[in-house]
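Each chain, written out:
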Amino acid sequence: FFIASQTKNDKKETLKVNLLYTQNAQPTDAEREVWEQVDVVLKDAKGILDELQAYKGAGQEIREAIQNPSDEALQEQAWACVVPLVGRLKKFYQFSQRLEAALHSLLGALTSETYDDPTQHLEREQALAKQFAEILHFTLRFDELKMTNPAIQNDFSYYRRTLSRMRINNVPADGENEVNNELANRISLFYADATPMLKALSDGTTKFVSENKNLPIENTTDCLSTMASVCKVMLETPEYRSRFASEETVSFCLRVMVGVIILYDYVHPVGAFAKSSKIDMKGCIKVLKDQPPNSVEGLLNALR
């Protein structure tokens, strides 16, 4: 992924990229325990994205059931289609909780006071820094797919309406064992957000900071701002960008940059967009706008 360090003088802070690309960073003995915990989660992340990308929804069955309310066969068919889909949506929601816990572990390691300069963690704990980046890449990709798939909320809304009606009519609901009312409320709130996975991580980062009041907040914000700066430099510098193996690497860096900006904005007292912010927001937005529009619209929307 990268190693970064910062040097400061009286007038400005200059970022140096010491090593651009470490694809196969291996955990040190000190990193291994956290790395292995997070690796279990990341191994499941690709499958989650594949399932979300393949999610087609039950739009046709739902429409037919709504248009023919007295046709019991169509009602049963729609319900039979929706219940397994809701099981999949439940799985995505539960994965967000696992991802939040993984992020919490990484933040604990990458912001500890092991080193005098918080950014040294990114130099000396490359494997954890790479996992942090992979979590953000997954998160932004998940939310991009979710934003372009209205079937997710339509399916879940139909499920809740039907479940409520079945309760009123004392009709047994097999699907209720899969997602009870309390869990359905939480899942509904999750998908109501435009970027649900990023919201979960942002809430998790805020919770991490509030639970670790003895830890200087700069340990967290400096880590995030450094990652944003490194990604920006990598993307805007032709010499560095020419070393990228593929356009997917560009997308990876763009998503990580946007992800850490949003986390920084959540936890920093004045946010990422203030003049005093350590993130060059104008530069980061310029980098985004210099990409093909179709490839970054979701990322710009997340920042908006």
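Residues numbered from 1 in each chain as written. Predicted model: local features only at pLDDT ≥ 70, side-chain atom pairs only at ≥ 80, totals over all residues. Heavy atoms only, no water.

Where an unreviewed UniProt entry is consulted, the protein appears under the name Family with sequence similarity 49 member Bb, with the organism given as Cyclopterus lumpus. In its Sequence similarities (unreviewed entry) section, the UniProt record describing the protein reads: "Belongs to the CYRI family." UniProt's Subcellular location (unreviewed entry) comment on the protein is quoted here verbatim: "Membrane". (UniProt positions renumbered as here; feature names shortened; annotations may be inferred.)

K.L.:
Let's hear about the nonpolar core: which residues, and what values?
P.N.:
Counting residues in hydrophobic clusters, the biggest one holds 92 residues, and the most contacted among them are F132, I135, F138, L254, M257, I261 and L288. The leading source of residues in this core is helix 3 (residues 72–110), at 17 residues. Excluding residues that lie within four positions of it along the chain, F132 makes contacts with L103, L106, L107, L110, L224, M227, V260 and L263. (Core = buried A, V, L, I, M, F, W, Y, C linked by side-chain atoms within 4.5 Å. Buried < 20%, exposed > 50% of the residue type's maximum accessible area, 1.4 Å probe, protein only. Helix = DSSP H or I, 4+ residues; strand = E, 2+ residues; numbered from the N terminus. Contact = heavy atoms within 4.5 Å.)

K.L.:
Give a detailed account of helix 11 (residues 247–267), specifying residues and quantitative values.
P.N.:
Since the α-helix packs 3.6 residues into each turn, any two residues three or four apart lie on the same face. Helix length check: helix 11 (21 residues) gives 31 Å between terminal C-alpha atoms against 30 Å at 1.5 Å per residue, within 8%. By the criterion of burial, helix 11 is predominantly enclosed, with 16 of the 21 residues buried. (Expected span 1.5 Å × (residues − 1).)

K.L.:
So what's going on with the confidence of the model for the protein? Which residues, and what values?
P.N.:
Here the protein averages 86 in pLDDT, and 88% of its residues register 70 or above. This model gives residues 1–22 a pLDDT under 50, and the stretch forms 59 contacts once residues within four places in sequence are excluded. (pLDDT = per-residue confidence, 0-100.)

K.L.:
I'd like a rundown of the side chain of T111, residues and numbers included.
P.N.:
Residue placement: T111 occurs in the loop between helix 3 and helix 4 (120–124). Engagement of the side chain of T111 in a polar contact is seen with the backbone oxygen of L107, the distance being 2.5 Å. (Polar contact = N/O pair within 3.5 Å; in protein donor to acceptor, adjacent residues only side chain to side chain.)

K.L.:
Please give an account of the packing of aromatic side chains that cites residues and values.
P.N.:
According to the stated counting rule, one finds seven aromatic pairs in the structure shown. Summarising the aromatic geometry, the rings of F95 and F138 are spaced 5.3 Å apart at their centres and angled 70° between planes, so their arrangement reads as edge-to-face. Taken together, the residues span a long stretch of sequence, with F95 in helix 3 and F138 in helix 5 (residues 126–147) at a distance of 43 residues. F138 carries the same exposure label as F95, and that label is buried. An angle of 45° between the planes, with centres 5.9 Å apart, marks the rings of F138 and F142 as tilted. With F138 and F142 both in helix 5 and four residues apart, the pair spans about one turn of that helix. (Phe/Tyr/Trp six-rings, centres within 6.5 Å; stacked < 30°, edge-to-face > 60°.)

K.L.:
Would you mind going over the environment of S112 in detail, with residue names and values included?
P.N.:
Along the chain, the position of S112 falls in the loop between helix 3 and helix 4. C-alpha of S112 to C-alpha of T220: the two residues are 108 residues apart in sequence and 9.0 Å apart in space.

K.L.:
Lay out the packing of helix 1 (residues 32–53) against helix 3 in plain terms, naming residues and giving numbers.
P.N.:
Where helix 1 meets helix 3, the axes come as close as 10 Å, and the angle between the chain directions of the two elements is 150°. Classified by the angle between their axes, helix 1 and helix 3 sit roughly antiparallel to one another. Like other packed secondary-structure pairs, helix 1 and helix 3 cross with a definite hand, here left-handed. Between helix 1 and helix 3, the contacting residues are V34, Q37, V38, V40, V41, D44, A45, I48, E51 and L52 on the first element and R88, K91, F92, F95, R98, L99, A102, S105, L106 and A109 on the second. Considering only residue class, the contact of helix 1 with helix 3 consists of 13 nonpolar, two polar and five charged. (Axes fitted to C-alpha atoms, helices over the stretch in contact; angles between N-to-C directions. Parallel < 35°, antiparallel > 145°, perpendicular 65-115°, else oblique. Left-handed = near helix turned anticlockwise from the far one by under 90°. Nonpolar A, V, L, I, M, F, W, Y, C, P; charged D, E, K, R; others polar.)

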